[in-house]
Structure formats: C-alpha cells, structure tokens
Amino acid sequence: MSILAIGLSHRTADLAMLERAAVPAAELGKVLHELQQAPHIAEVMVLSTCNRIEVFAVVDAFHGGLSDVSAVLARQAGVEPAELYDNLYVHYAGAAVEHIFSVASGLDSMVIGESQILGQVRTAYATAREAGTVGRVLHELTQTTLRVGKRVQTETGLGDLGASVVSEALRAAGELAGKHALVVGAGSMGALTGSHLRKAGIGSITVANRTTANAQRLAASIAEQGVPATAVGMGELTAAVAKADVVVTSTGAADAVLDPSHVLPRDGRALVVCDLGLPRDVDPAVGELPGVRVVDLETVRRRMSAATGTSETDRQLAKATGIVLDEVREYLAGQRSAEVTPTVTALRKRAAEVVDAELLRLDNRLPELESAVREELGRTVRRVVDKLLHAPTVRVKQLAGQDAGTDYASALRELFELDPAAPRVVARPSESVPHETDGEPQ
C-alpha cells in the first residue's frame, strides 16, 4: 500500500474548472464513501478549499488508484476524465508525502506562507475520520503533516505577516477604514474575514448567514474585538447590501447566493464585492452593474503572480523547504522501519515457539528433572535466544530505515522460513486508528 495524491489547484486549473470540481461540505461524506468503495483504495481523505481540491488515498496500485480517483473527480466536475487530466497533478509514495507536507506548510498556497491551510488540513482529516475512511496510514501521515506545518510556522516566520487569500482580497478592495462591511457566511472564512476587516480599520460590520444564530455568534465575537457588528438572516440580504461599502462572501454554497436582484441602485456609491467562495457565491452579472467591482479568486491569483518576493521571504522559503525535506526523509525512514517490524515480531514469535517445543521435549525425556532446575533451564534458553536475536533484529530495523532499495522483511522471511502470512496476522490488531479528541498533532 502506498500514498497517492491527486488534485487540481490554482497552479494547474482556472477558476471555472476549480469551481466545477469543488466538493461542497454537504457532499464530502458522499464523495469520501464513493472513493473508498473503489477497487484500489483502502483509505482516503479530501482537501477542498477555495483554491484546491485534492484527494489523498492509500492505494494498492498506482495506475488503479489513479483511475479510481480520477473517475470520481471527473464525475464530481461533470466532465470526461480526459478533460480533467490536463488540470491534474499526481504525486505518489514519497512525492505524495512531500506534497502534503508542503501544502500544510503553506508552500503550495496561492499566498505563500498563509497559515489557514493548516486548519483546513485538520478539518479534512476530521471529516474523513467521521466518515470512517481514515485508517492507520492516513492517521499517522496527517498527524505528522500537522506537526510539520506547525514547525514551519514556528521556525521560519513565513506566516508572520498573516497573509491569506482573505487579506489579499481585501487589499485589492482598496481603502476600508471607517467603512461598512457585509460578511456573508459565518464559518471559519467569515471569522477570518472579520479579523482582517478589523485590522484594516473597518467602521462596522454586518454578518449574514442562513442560520441566524451562527451569524449572531460571529457578530458578537467581532463586537468583542471592538468593531460594532450586527447579524441578519439571508432574507435581509438586499437591505444589508444597500448599506455596505464592501461585501465579502464565503459560504460554501453550491449555487450563487448574491445576484443582481440583491444590489439596488446606489446613487453613485461604489461597491466592492469580494467573492471567496468555491463554487462562486456571486453571480457574474453582479460585476456588470454600475459602480460595482468584483474581486474574486482569479483576481487574487493575478495579484500574487505579479507580486515579487523579498530576500527575507526567499530566505524563509528556503528554510521552510529544508524543514519539509528533512521531515519527509525522517517520515519515510520511519515507515520503512515500521514495515519490517511485523516480520521481526513474527520471527520472535517463531523463536519462542521453537524454545517451547524443545523444553517440552526435554520434559518428556527427563520427567524426573526437578522443577527448579527445569525452570532455570527454560530461563537460560530463552535468554540465549533473546540475546542472539537482539542485535540482528535491531539492526534490520535500522537498515530498513536507511535503505529504500532492499526488502529486508522478505529477506528475513526467506532466511528463517517464516510463513509469508505471519507478519500480516501480527500487524492486523494495530490497523485501527488510535483515539483522538481534537485532531491536534500527537
């Protein structure tokens, strides 16, 4: 079994294709189950954000796994697999590990170094775990991924500027000090938007959401930070837009939530609409209305493509990349070492069985042997066997971690005539995912 990462992002696909392939939160469970039921997939999780849709799967074969995942993504996007292939990137085995570490570290983000992606990876894991599509492999990979992402943030300072898709969109919106903002969507993106609006000096905020109670909670949180904030339901969206100077949407809805009917004539007042939804929250026709300017994810991508890095940023990127590569090597070495562990366990079990059989033969040959002597003989024989096995079994784990080109588990099975099925039997009880309360790195 190996890790397979397949996806499309702002680097490989335009906004229209990303929008088609996006997996709304309400459909994630269905898509996860569809993927796991595919012939070559054992475990799977899906990372769906405003600028990427990625599948991380544990597969028994590269081409089979690629075909299974591509078919599901193509159906989700409503296109033929051949049309989707031009937008996909594929990483396998060690390359897949490097990719997910880089993603969680913000190195593959539209805004390099943004820290929001770490929470999105955590959410993707939690969703897959709740759906029952995560096993030990993805559990351990994700926990390591979260730790690596945190390490990069802590040790490089790459995310110190607090840059994110939200902050870049608001920069594109222009001067916000003293103005009134409407935030549509009260999820994590809405909360992040409220924080960035406060830093930009916004005068007041209205939060709109389908569930008014959620809007009220976010509005109360914003107000606690010193910005006047109120909450409304989506039925009051038109009136809320009429009062706003800037609108930021991030609902995760499958269809547009803001269309021209929500934008009344504004008597010369300009309106900037930041659409951070994927699929898009704003009907394209809104951008054609007089005095209305739409800032979407494509706008952010163009801004970031045109931006030039500083020497300090380059230094931070180099350090972050070095950390990721070191962590990949350590992770893969650990996995190779772990792969030989069941065989080592099977070898020790086989040795114990041989000792037991020989001691039983001794009992039959010398029934008059005193029990104290018999017990001491048993302890001595077991100590001898343990000492003989200790050095080679420790060393074989070390060698497995260092050398990816040699199958030490197979070599052990051949040398000691172990049943090929024995390591799998030994390994089976540990395949379940350890209990975890919050998805934080362990």
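Notes on the structure in this doc start here. Numbering of residues begins from 1 in every chain and follows the order in which that chain's sequence is written. Per-residue local features of the predicted model are confined to residues with pLDDT of at least 70, and side-chain atom pairs are confined, for both listing and counting, to 80 or more; whole-chain, interface and lining totals are unaffected and use all residues. In computing side-chain properties, one takes all heavy atoms of the structure into account and sets aside hydrogens as well as water.

On the secondary structure map, threonine 145 appears in helix H7 (residues 136-156). Apart from the residues within four sequence positions on either side, threonine 145 is in contact with Ile100, Phe101, Ala104, Leu118 and Val121. Every helix listed is a DSSP run of H or I at least four residues long, and every strand listed is a run of E at least two residues long, numbered separately from the N terminus. In what follows, residue pairs with any heavy atoms lying within 4.5 Å of each other are defined as contacts.

Turning our attention to the sheet that holds strand S1 (residues 2-9). Pairing within the open sheet is antiparallel, and its 4 strands lie in the order S2-S3-S1-S4. In this open sheet, the two edge strands, each paired with only one partner strand, are strand S2 (41-48) and strand S4 (89-92). Across the sheet, the axes of successive neighbouring strands diverge by a mean angle of 15 degrees, strand direction being ignored. Two strands qualify as a pair provided DSSP detects at least 2 bridges between them. Relative to S4, S1 is paired through 4 bridges, and the arrangement is antiparallel. If you follow glycine 7 over to S4, its bridge partner there is tyrosine 89. Angles shown run from 0 to 180 degrees and are taken between the N-to-C directions of axes, each axis being a line fitted to C-alpha atoms and, for helices, limited to the stretch in contact. Seen against the sheet, helix H2 (residues 28-36) touches S2 and strand S3 (52-59) and runs at an angle of roughly 150 degrees to S2.

With that settled, consider the sheet that holds strand S10 (residues 292-295). Ordered by their spatial adjacency, 6 strands build an open sheet running S7-S6-S5-S8-S9-S10, and the pairing between neighbours is parallel. The open sheet has two edge strands, strand S7 (229-233) and S10, and neither has a second partner. Pairwise comparison of adjacent strand axes, ignoring direction, gives a mean angle of 20 degrees for this sheet. In this structure, strand S9 (residues 271-275) lies alongside S10, joined through 4 bridges in parallel fashion. Each bridged residue has a counterpart across the sheet, and for leucine 271 the counterpart in S10 is valine 292. Here helix H9 (residues 188-199) sits on the sheet in contact with strand S5 (180-184), strand S6 (204-209) and strand S8 (246-249), set at roughly 165 degrees to S5.

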